[in-house]
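So you can see what is in the structure, the chains are spelled out below.
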Amino acid sequence: MKGILGIVKEDILEALEEKNGKASISLIKPEIRVSRSFISKAIRELEKEDLINIKEKSIFLTKQGRVRAKNIAKKHFVLEDYFGKTRSKREAYKAASVLEHYVSMKVIDNIKELSTLKKEGTPLTEFKEKEGLITDIVFGVRLFERVISMGICPGERIRITNKLPNSIIVEIENKKFALDKNIAKGIKVLDFKV
């Protein structure tokens, strides 16, 4: 799981990618909503990792930084496109901006495959199979972020291990969760055999 510093570093790389690989430090800071000292720390780490160079008051992506930034931008694009089919443009952008930091390229590939299907997922509370693929998480931004940060994301495989009167026990990537039925109702799943 990524900490806030990791997320800020990815946001800086993505912002630089959107600005063709270079921008002044003063233009980057307002886009990322954390303290200036936190941004400064992230910039120092990115420079140590050889992902950016700083010359005068401008930041430039290195070759390695550009590759990493393109991958982040690709994740965002795929996610925004996917969520854009069921949400407003603004909601799709917000969902992609949160999710891009938590999912692997394997999950992105699963989401691309889901995009080709015409079916919508079934709420987890009504899902009859034991295993499936999460197709969507239908909550407000706060709860969406919380569920995503636990590793419960669209494109992830989910296995139901037990159903109780007020909760459902699931397994995702070798982690078990007891989900309240009100939360489970907002997780859409599709029977998806690969």
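1. A short note on the sheet that holds strand β4 (residues 122–123)
Sheets are built from strands that pair by backbone hydrogen bonding, the pairs being arranged parallel or antiparallel.
For step 1, the next point in the chain: Strand order in this open sheet of six strands is β4-β9-β5-β6-β7-β8, and the pairing throughout is antiparallel. Edge positions in the open sheet fall to β4 and β8 (175–180), since each of these has one partner strand only.
For step 2, the next point in the chain: Relative to β8, strand β7 (residues 167–172) is paired through six bridges, and the arrangement is antiparallel. Residue pairing for β8: Ile 169 is matched across the bridge by Ala 178.

2. What to know about the confidence of the model for the protein
For step 1, the next point in the chain: Scored by pLDDT, the protein has a mean of 88; 95% of the residues are at 70 or more.
For step 2, the next point in the chain: When pLDDT is averaged over each element of the protein, β7 comes out on top at 95 and helix α2 (residues 25–31) at the bottom at 73.

3. Regarding unusual backbone geometry
For step 1, the next point in the chain: Although it is not a glycine, Asp 50 sits at a positive phi angle of roughly 60°.
For step 2, the next point in the chain: Mapped onto the secondary structure, Asp 50 falls in the loop between α3 (36–48) and β2 (52–55).
For step 3, the next point in the chain: For Asn 174, which is not glycine, the phi dihedral falls at a positive 65°.
For step 4, the next point in the chain: Here Asn 174 is to be found in the loop between β7 and β8.
For step 5, the next point in the chain: Using a relative accessible area of 72% as the deciding quantity, one classes Asn 174 as exposed.

4. Overview of the sheet that holds strand β1 (residues 22–24)
For step 1, the next point in the chain: Pairing within the open sheet is antiparallel, and its three strands lie in the order β1-β3-β2. Single-partner strands in this sheet number two, and they are β1 and β2. Adjacent strand axes in the sheet meet at a mean angle of 20° when their direction is disregarded.
For step 2, the next point in the chain: Here β1 runs beside strand β3 (residues 58–61); their pairing, made up of three bridges, is antiparallel. The residue of β3 that forms the bridge with Lys 22 is Phe 60.
For step 3, the next point in the chain: Relative to β3, helix α1 (residues 4–18) is tilted by about 90°, and along the sheet it contacts β1, β2 and β3.
For step 4, the next point in the chain: Contacts from α3 reach β2 and β3, with the element oriented near 110° to β2.

About the cut-offs
Residues numbered from 1 in each chain as written. Predicted model: local features only at pLDDT ≥ 70, side-chain atom pairs only at ≥ 80, totals over all residues. Heavy atoms only, no water. Pairing = 2+ DSSP bridges. Helix = DSSP H or I, 4+ residues; strand = E, 2+ residues; numbered from the N terminus. pLDDT = per-residue confidence, 0-100. Buried < 20%, exposed > 50% of the residue type's maximum accessible area, 1.4 Å probe, protein only. Axes fitted to C-alpha atoms, helices over the stretch in contact; angles between N-to-C directions. Contact = heavy atoms within 4.5 Å.

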